[in-house]
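Below are the chains, spelled out letter by letter.
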Amino acid sequence: MADRICRAKKSLILAVAVLLLTGCAGRPLIEREIVRAIFFAREDGKEHAVLLLQNQESEDSSDYEVASGEGDSAAQALADAAESLDGVMFYGLTDLVTLPADCDWEQLQEFASLLYETAQPSPEITLFVMDSRTRDNLEQTAGDLYDEMQAVEKKYRISCGLESVLSQANQAILPCWQETGYGIAVLRAGAPPLRYVEPVRAQLAAVLCGQSRKLEFVFSDGSISCTAGATVLFHALRDRTQVILRLQDASLSSLTQDIPNEEQTLRRLLSAELEDAFAQLCADTRAIGADPFRLGFWQACLQGAPGNDLPAELVVEYA
Amino acid sequence: MKRDNPSLYGALQLGLLVNVLLRAQTLFWTREGLATLLSGILVTAAVGLVFARTWPLAQCLALRCGFIALLLAGSGLDILSLWQLYSAVYPDVVNLFGICLTVLIPVAYLRRVSAIAQTANVVLGLLLVACVILVLSVAERLRICNLQMAAMGEADCLDAMRAQCTLYPELLLPALWPDHEKRGTHTVLRLAAFGAVFNIGVHLLLELFFGAAMPDARNPLHQAARCGALSVFDRLEWLQLIVWTMAVSVKLALHLYAVTRLADAPRTTENSLTAMPFFAGYAAVLLFLCAVARNWDFAVMSQWRNVAAWGFAAAVAGIGGIRWLTGFAAPKKA
């Protein structure tokens, strides 16, 4: 028995010696730079990356620091920003990334690859297409922007994580940052991006592609306000695709004297507004060969063929 | 009787699950996987069955050493895959040595066959619960329209077939067990079917979650778990990590048991403890292997492991076949 214990001890000592000799002990725990958000920008032909870092010396969790870098590519800009910091970068808590205002599908792919390599595994990263503000402006406003974007994401129940934005092979829908609310960019491989800044179309597009579950806007020249939860159902028929938009707890109110505050009237106006917006969205996206609402998928599943040329209609229901 | 000869089927199942759960990237699209599912099951089950038949006839010192090397390489790969997952999730926090100790120390308490069998069943149950929680937590993000509609290509089908024909050591291990009771009825076939179906199920879940981005996702199952939320729990990936780590320990214990059988380690009864020095030696070898291979390309190592497993199975089948044809009498022991 004693002999066995002795042999076990020798084996363990040997194992530890081997580990020490082969450098298996790993790196010590060191101070890290916790990145909360990355803002990419393009200025004068150069790529810029502004990192919003958690200030670990402050007790206030909303106290941030900023680091920035530039380069010929986004990867170089990110590396340049990281080099300006002393600690090891930690992207595990990054939950927001903004892309340059003129970002197209091909550039989105490059940014996505970069994010998968550096910020992985954080698929919960929310993506926004930025407005055309400069790097200096970004450095000054990064902290406020981050808080405002988080607030918008919460308010409109937007779910535009990295994994959902990239879930289609040749196209993507991305929310665009606007001072009030959000817009929508439709990106398609080999086509110029479409951008909707008008709230009805932007929010309808976000709901139809599954990135939002809430509508909150003012329409009809600012005379009616609408707030509603929204779910979508697709019916693929032989001659058309029916998109049923079900609005829950819809709250409509007239903001002017011109329109009577009657529920039926307001609902009829809202339905007409949404149907117009849907028709415009379908026409625009078809023109660039995109199908962001996956109408072709439902046609293929239920009717056996994609039926990309079939008309689509929006039916608004109130729950 | 059951206490003397506990079934290791649960441990074998767990070993197959670990291969799928710790995969750094997905291997094929679900539709191609479904199309090649049956052929994959048949191929791997056939190889396992042929191996089980021919191993008693073919075994010799060189082949035993080869099998031990295969198991050690497999164990090392499992530890390294767990390490790469941890280092991706918690960079610069958990080192390889820590991971090695985390998974190897529990093996010291799993040196008895009955302990392996019982623990494997418990961990299998926990894994099932963890998988259900994972699916429930990400259910809101699973979208049917994320399934890809592109026409099936020959290259994609070949990739799926190649992935499903991966020969894991768990399909060869039943050949080592001493009696039929431990193997159970149609063990190899059930294992092959179970492993392939689970693999497809995970790929389906991930395709519903990631859509076209699935092949680019690193540690996709963990990423999906990280996005999941259930009631007041925002993130549940820690639950998955804990159970996966336990599963790796059970798998290592199973491999240790197989290595002791192959090395003819002294054991009074079938259910007796594996000697502590033997365990220490096993742990030391694994630590050394992990330290040496820590910077090697993980995908290439996995491919080489698969090639080695196929080569080994082919060699055993060839030698066993020749001996069967020439009327060679198999030795009594397994």
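Residues numbered from 1 in each chain as written. Chains lettered and ligands numbered in written order. Predicted model: local features only at pLDDT ≥ 70, side-chain atom pairs only at ≥ 80, totals over all residues.

S.K.: Residues and numbers for the overall build of chain B, please.
M.R.: Each helix and strand in chain B was counted, giving 13 helices and zero strands. Moving toward the C terminus, one meets the helices and strands of chain B in the order α-α-α-α-α-α-α-α-α-α-α-α-α. Over its C-alpha atoms chain B spans a radius of gyration of 20 Å, differing by no more than 12% from the 20 Å that the globule rule assigns to 334 residues. By its C-alpha atoms, chain B is 60 × 45 × 40 Å across when sized along the principal axes. When contacts within chain B are restricted to residue pairs at least 6 apart in sequence, those whose partners lie at least 24 apart make up 86%. (Helix = DSSP H or I, 4+ residues; strand = E, 2+ residues; numbered from the N terminus. Rg over C-alpha atoms; globule rule 2.2 N^0.38 Å. Contact = placed C-beta atoms within 7 Å.)

S.K.: Now, about helix H3 (residues 37-58) of chain B: what can you tell me, with residues and values included?
M.R.: All names here are of chain B. Compared with the 32 Å implied by 1.5 Å per residue over 22 residues, the 30 Å span of H3 between its first and last C-alpha is a close match. At Ala-52, H3 shows its largest bend, some 30°, and a proline, Pro-56, comes one to four positions later. Inspection of H3 places Gly-40, Ile-41, Thr-44, Ala-45, Val-47, Gly-48, Phe-51, Ala-52, Thr-54, Trp-55 and Ala-58 among the buried residues, and these make up the whole buried set. Among the structural elements, helix H4 (61-89), helix H7 (154-164), helix H9 (187-210) and helix H13 (298-325) are those in contact with the buried residues of H3. (Expected span 1.5 Å × (residues − 1). Bend = angle between axes of the 7 residues up to and from the residue. Buried ≥ 20, exposed ≤ 12 C-beta atoms within 10 Å, placed from the backbone.)

S.K.: Can you lay out the environment of Ala-263 of chain B for me, pointing to particular residues and giving the numbers?
M.R.: Residue and element names in this part refer to chain B. The residue Ala-263 is located in the loop between helix H11 (237-262) and helix H12 (276-293) in this model. Residue class for Ala-263 comes out partly exposed when judged on the 15 C-beta atoms lying within 10 Å of it. Along the backbone, Ala-263 and Leu-124 are 139 residues apart, and their C-alpha atoms lie at a distance of 28 Å.

S.K.: Before we move on, could you go through the pairing of strand S11 (residues 224-236) of chain A and cite the residues and values that matter?
M.R.: The two faces of the sheet receive side chains in turn, since in a regular strand these alternate between them. Residues and elements named next belong to chain A. In this sheet, S11 lies alongside strand S10 (residues 214-219) in antiparallel orientation, the contact comprising six bridges. Across the sheet, residue Glu-216 finds its bridge partner in S11, namely Thr-227. The antiparallel hairpin formed by S10 and S11 contains four residues in its connecting segment, where Ser-220 sits at a positive phi of about 55°. Where S11 lies against strand S12 (residues 241-254), 12 bridges are found, and the strand directions are antiparallel. Paired with Thr-231 across the bridge in S12 is Arg-246. (Pairing = 2+ DSSP bridges.)

S.K.: Just give me the short version of the domain arrangement of chain A, but keep the residues and values in it.
M.R.: All names here are of chain A. Domain assignment breaks chain A into domain 1 (32-197) and domain 2 (199-319). Relative placement of domain 1 and domain 2: their C-alpha centres are 29 Å apart. Contacts between the two partners involve 19 residues from domain 1, matched on the other side by 17 residues from domain 2. Split into classes, the residues belonging to the side of domain 1 that touches domain 2 amount to 12 nonpolar, five polar and two charged. (Domains from an automatic or database assignment. Nonpolar A, V, L, I, M, F, W, Y, C, P; charged D, E, K, R; others polar.)

S.K.: Now, about the packing of helix H5 (residues 96-108) of chain B against H11 of chain B: what can you tell me, with residues and values included?
M.R.: Residue and element names in this part refer to chain B. Their axes nearest at 8 Å, the elements H5 and H11 cross at an angle of 55°. By the angle class used here, H5 and H11 are oblique. Crossing of H5 over H11 shows right-handed handedness. Along the contact surface, H5 presents Thr-102, Val-103, Leu-104, Pro-106 and Val-107, while H11 presents Thr-245, Val-248, Ser-249, Leu-252, Ala-253 and Leu-256. Of the residues assigned to the contact of H5 with H11, the class counts are eight nonpolar, three polar and no charged. (Axes fitted to C-alpha atoms, helices over the stretch in contact; angles between N-to-C directions. Parallel < 35°, antiparallel > 145°, perpendicular 65-115°, else oblique. Left-handed = near helix turned anticlockwise from the far one by under 90°.)

S.K.: Talk me through the environment of Gly-10 of chain B; I want residue IDs and the actual numbers.
M.R.: Residues and elements named next belong to chain B. Take Gly-10: it is sitting in helix H1 (residues 9-21). On the basis of neighbour counts, which here come to 21 C-beta atoms within 10 Å, the residue Gly-10 falls in the buried class. In this structure Gly-10 touches Ala-117, Ala-120, Asn-121 and Leu-124, once residues within four positions along its chain are discounted.

S.K.: Tell me about the sheet that holds strand S13 (residues 312-318) of chain A, and name the residues and values.
M.R.: Residue and element names in this part refer to chain A. In space, the four strands of this open sheet follow the order S10-S11-S12-S13, with mixed pairing throughout. Both edges of this open sheet fall to S10 and S13, since each of them pairs with a single strand only. On average, adjacent strands in this sheet sit at an angle of 35° to one another, irrespective of strand direction. Running over the sheet, helix H7 (residues 263-287) touches S10, S11, S12 and S13 and is turned about 155° from S13. Along the sheet, helix H8 (residues 295-303) contacts S11, S12 and S13; its crossing angle with S11, the most-contacted strand, is approximately 35°.

S.K.: Run through the confidence of the model for chain A, naming residues and quoting values.
M.R.: Residue and element names in this part refer to chain A. Considering every residue of chain A, the mean pLDDT works out to 84; 88% of them sit at 70 or more. Within chain A, no element has a lower average pLDDT than helix H1 (residues 2-22), which sits at 59, and none a higher one than helix H6 (residues 199-208), at 93. Here residues 23-30 is modelled with pLDDT under 50, and outside its nearest four sequence neighbours on either side it reaches 22 contacts, counting other chains as well. (pLDDT = per-residue confidence, 0-100.)

S.K.: Mind laying out the pairing of strand S1 (residues 32-43) of chain A, listing which residues take part and the relevant values?
M.R.: Residues and elements named next belong to chain A. Here three bridges tie S1 to strand S4 (residues 88-90), and the two strands are oriented parallel to one another. Within the sheet, the bridge partner assigned to Arg-32 lies in S4 and is Val-88. Hairpin remark: S1 followed by strand S2 (residues 46-54), antiparallel, with two residues in the connecting loop; positive phi at Asp-44, about 55°. With three bridges joining them, S1 and strand S5 (residues 96-99) adopt parallel strand pairing. When the sheet's bridge partners are listed, Phe-39 is paired in S5 with Thr-98.

S.K.: Would you mind going over H5 of chain B in detail, with residue names and values included?
M.R.: The α-helix winds at 3.6 residues per turn, so residues separated by three or four positions along the chain end up facing the same way. In this model H5 of chain B runs 19 Å from its N-terminal to its C-terminal C-alpha over 13 residues, within 8% of the 18 Å that 1.5 Å per residue would give. For H5 of chain B, the set of buried residues is Leu-96, Phe-97, Ile-99, Cys-100, Val-103, Leu-104 and Val-107 of chain B.

S.K.: I'd like a description of the environment of Leu-142 of chain B, backed by residues and values.
M.R.: All names here are of chain B. Relative to the helices and strands, Leu-142 is located in the loop between helix H6 (113-138) and H7. Sequence spacing of Leu-142 and Ala-315 is 173 residues, and the spatial spacing of their C-alpha atoms is 45 Å. When residues no more than four places from it in sequence are discounted, the contact partners of Leu-142 are Leu-208 and Phe-209.

S.K.: Quick one: what's the story with the nonpolar core, residue by residue and with numbers?
M.R.: The biggest cluster of nonpolar side chains holds 187 residues, and the ones touching the most others in it are Leu-174 and Ala-205 of chain A together with Cys-100, Ile-116, Ala-247 and Val-250 of chain B. For this core, the leading source of residues is H11 of chain B, giving 13 residues. Viewed by domain, this core spans two of them, domain 1 (32-197) and domain 2 (199-319) of chain A, each represented by three or more residues. Among all residues touching Leu-174 of chain A, those that are not within four sequence positions of it are Leu-127, Val-129, Cys-160, Val-165, Ala-185 and Leu-187 of chain A. (Core = buried A, V, L, I, M, F, W, Y, C linked by C-beta atoms within 7 Å.)

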